[in-house]
Each structure stands twice: as C-alpha cells, then as structure tokens.
Amino acid sequence: MRRRTLYHIVFPILVLGLLLISGLAWNEALVWTSTLVAIYIFLYNLTVKINFLDVTAVAACASYLMMPMLVYNVFGEHNKLAALWQTYMTIDKSQYFSLALPGTIGLLLGLWAPPMMTTAMKDEDLINRVKIYLKRKTVLGFVMICIGLMAMPLVLVAPESLRALTYFISQLTYVGVLYLLHSNIRLKAFGIIFIFMLMIAQTVITGMYGELVYWSVMGFILMMIGKKWFTLPYKILLLIFGVVILFMIQSIKHEYRDVVWKGAVRGNDSALFFRLVADRIQHPSHIFDPERIYKVVVRANQGYLVGRAMEYVPKHEPFAKGETIAKSFLAGIVPRFLWRDKPKVGGQENICRFLGDCGKYNYSYNIGQLGEAYVNFGVVGAWMYMFFYGYLLKSLFHFVRYLSVKRPSLILWAPVLFYPAMVVETDLLTFFNTFIKGAIFCAFIYFIFRVVLKYRI
C-alpha cells in the first residue's frame, strides 16, 4: 500500500517536471499532467477495482482540459472550419484555465478521496460472489434481454410521462448481458458475440452510439476484475485500440446521421452503416482526416460551453448562488405531480438562463458540471464544488458497493445508476434524477421478480 501511494505521488511530479523542462507553459503542462495521471490511475486500477469513476476522471480531463487546449492551439479563430462554424473558445485562454484546471483537479481529488463507507471485501471477491450467486440463474439474463429489446422501440414513441420508465426498461437489455456474462452460460464466447451483434443492431436502428460505448466499457471493466495476466502493456495497447475505435465511431456517426436523420424520412440504413465501417477498415487514414478530427474535438470540447457561461455570467445573469444545486436535489426526490414547475432534465433551462440560448437550436446540450459550478459559485467556489461533487459520486458508488456485499448481483446494476456521472456534459439534476429513478426502478424489478415470479435476481 505504501509503495502504491508513493508511485501515485512521484508519477505526477515526474511528469510535470519533464513537461516543464521541455518548454511547455505551466497551464499546458498541468493539463497534460492531469490527463496522464487520470489515464494512469484508470489503467492501474483496471483488473483490480471496479473503477467506473476512473472513467469519469479521464472524461473530465479530456472534455474540460485537453479538448479546449486543442481548440486554443489548433482550432482557434484562425482555423477555417472553426471560424466558419464559430466553435472557437470565446474567452481568453488564461481566464478559462483559471477555472477549468483547479476545478477539474478538484473533481479528481474528490473521486480519488478515501470513501466514508468501506468494506473489507476486495472487488475480486465481490465479483466472484456474483458468479457464484448467478451460477444457476442463466435464464435471468435471457429474460431481461428479451424484456429490454421489446421496450427499445417504445422509448422514442412513449409520451413524456412514460419516457423515463421505458428507458429504464430498455436498459434491462444491457443488465441482462452482464447477468449472462457472470453466469454459467455454455459457449460464452459465442453468446458474447451474438449479444454484441444485437447491441450493434440497436445502435444502427436508433443512430445512438453512446450507450454501446458506455456499456461496452462498463462490461469490460467488470469482466476483467481479477485477470492478473492482463498487465500494463496489454492495457496500454487496449487503450490505444479503444481511442481508435472511438475516433472511428465519431467519423461514422456524423456521416450516418447526415444521410439518415437529415433525409426526407428519418429512419435507419444498415447497408450504409456497414459500408461506412468497411470504408474505415480499408482506409484507416479516413478516420483521422483533418475535418473529422475537427468534428471529434469540437464534439468533445465541453469547455466551449463552459467558456460561454463564463462570458455570460455575471454580465447578463447574476450568479445562482446554489439555486440550481438545491433544486436538483429536491427535483430528484419530489414527484412532478406535487411540483408542477419542477425543473426538466436535459439542460434546456440552464442553457437558456446562463447562455441566453432560448429555443435557438433543435438539439440537446448542457453547460456540464463545471459550467454549473461556475454559474452558481463563481471561479473559486466552483473549485470547491467540483471536489464535493466528485466526493458525492464516490460516496454513492461505495454505498451501492456496500449493499452489494449482501445482494451480490446489485453491483451489475451500478452502470444504470451512474450513466450520467460518466458524461461530463450533464448537470447535477440529470445525474441525481437518474440515480434516484434508477434506484427505484432497480428495487421495483427486484420486487417483481421476487414476489410475482418467485425468483431472486
């Protein structure tokens, strides 16, 4: 334990020192150091811990630090594409990083701080207990997958009052996959391939790629717990492969949606999807075409919206002083029929109030956790808020882990509860609302299977 702690202290100091010696400015050196440390912690914990929140740390460094730095240095006002689409950062570089650097580091420290609630059981033992618990319950996974697949078409057509319910039911597809992977299923490798093909088919139909990536990462983290043969070199190779796949998905996504979503009739075109995949495999250079790199950077640059919030508040809108935070906690608990003006998930209210974009665009976006921290508490207050937000995520995850000691399969439901926590473009309302509703849904499914179907899940 002492040696591990020493490595974690020495590594960032060594990286920062080397970067400064190479001539990088302080802010850029800290951006690289924070990102490399987050990646190092993720790789170090992989196979040892259920490190879902390490994904949040890497995503935060990428979206709040690395991508804004690339925009400042490469895709600024001087870049033709950035100038055409006005995607360059609208505030001074030093001003932005005075918020983003300490704020992101605060989030990382909150995510990595020792939790209040701990158990003596290691994560490897926890997963082994899940496998024992599900050894003779293979049917559960198939039942959940079938229910989830039937619910998927309803998500897009359900009325707003039922949309959340149909969404959670559709997530049973992925939970069912995790149940199968941890049960005593025969020909598991073929089962995994078949299930993965179902997930790809769903992606082609809906045009939504985020869930496929998210559940693939979460499932891989769970499956690799205790695999001591998967050493650091393999982890680094996997990380590189994962980055290439993400770039490929992004390059396909824009072209696919341009044709399918913006055509005369919105639908899906599986032939087009697989033609695009084949093109990227045959011509890998197309993945890293300059225009496609630009689109990936712009899409991942949450700092653009944070910068716009800094530009707008308090010049046009006063600081909220914790108002949106308090409302988020209340909104997660109080049902809508008791609170008619309850804030809606999705970020529209935040972008209207803190960016001035009221009904301006027909797509969804949000100011993110860092943006929400700033519009409530200013620069210095945002640093502290981000630490406590990270620690809140840490505490809730370890609470779920603690409950999993008594109900082993509960840990397989954690991705349902923490999905918004992995996406740094969301706000507290989105996370807390999803967590509470997800917890209620999870309890409901446990109850239905136990009382109605007489089966413990």
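This text goes with the structure placed above it.
Residues numbered from 1 in each chain as written. Predicted model: local features only at pLDDT ≥ 70, side-chain atom pairs only at ≥ 80, totals over all residues. Heavy atoms only, no water.

1. Quick word on the state of the cysteines
On inspection of all chains with the given rule, the structure shows 1 disulfide. The residue that forms a disulfide with Cys352 is Cys358, at a sulfur-sulfur distance of 1.9 Å. Disulfide Cys352 to Cys358: torsion about the S-S bond roughly 85°, handedness right-handed. Cys442 takes part in no disulfide bond, and the closest cysteine sulfur to it belongs to Cys146, at a distance of 20 Å. (Disulfide = S-S within 2.5 Å.)

2. Here's the deal with the side chain of Thr324
For Thr324, the position within the fold is in helix H16 (residues 323-333). Within the local environment of Thr324, its side chain forms a polar contact with the side chain of Asn376, the two groups lying 2.7 Å apart. If we skip the residues at most four places from it in the chain, Thr324 touches Asn350, Arg353, Phe354, Glu372 and Asn376. (Helix = DSSP H or I, 4+ residues; strand = E, 2+ residues; numbered from the N terminus. Polar contact = N/O pair within 3.5 Å; in protein donor to acceptor, adjacent residues only side chain to side chain. Contact = heavy atoms within 4.5 Å.)

3. Thoughts on unusual backbone geometry
Between Val313 and Pro314 the backbone carries a cis peptide bond, its omega angle lying at 5°. Summarising the element assignment, Pro314 is placed in the loop between helix H15 (303-312) and H16. With a phi angle near 55°, Lys321 is a residue other than glycine that sits in the positive phi range. Position of Lys321 relative to the elements: it lies in the loop between H15 and H16. Assessed through its relative accessible area of 72%, Lys321 is described here as exposed. (Buried < 20%, exposed > 50% of the residue type's maximum accessible area, 1.4 Å probe, protein only.)

4. Let's talk about the packing of aromatic side chains
Counted under the stated rule, the structure contains 29 aromatic pairs. On the numbers, 5.5 Å between centres and 85° between planes, the contact of Trp229 with Phe230 is edge-to-face. Between Tyr385 and Tyr389 the ring centres are 6.2 Å apart and the planes differ by 20°, which places this aromatic pair in the stacked class. Taken together, the residues span about one helical turn, with Tyr385 and Tyr389 both in helix H18 (residues 368-404) at a distance of 4 residues. A network of ring pairs unites the aromatic residues Phe52, Phe377, Tyr385, Tyr389, Phe397, Phe418, Phe431 and Phe435 as a single cluster. Its end group placed over the ring of Tyr133, Lys137 keeps NZ or CZ at 3.9 Å from the ring centre. (Phe/Tyr/Trp six-rings, centres within 6.5 Å; stacked < 30°, edge-to-face > 60°. Lys NZ or Arg CZ within 6 Å of the ring centre and 35° of its normal.)

5. Details of the nonpolar core
Among the nonpolar cores identified, the biggest contains 113 residues, and Tyr96, Tyr179, Trp413 and Phe418 are the most heavily contacted of them. Ranked by residue count, the leading element in this core is helix H3 (residues 52-73), at 13 residues. The next biggest cluster of nonpolar side chains, apart from the first, holds 5 residues, and it includes Ile145, Val177, Leu180 and Ile185. (Core = buried A, V, L, I, M, F, W, Y, C linked by side-chain atoms within 4.5 Å.)

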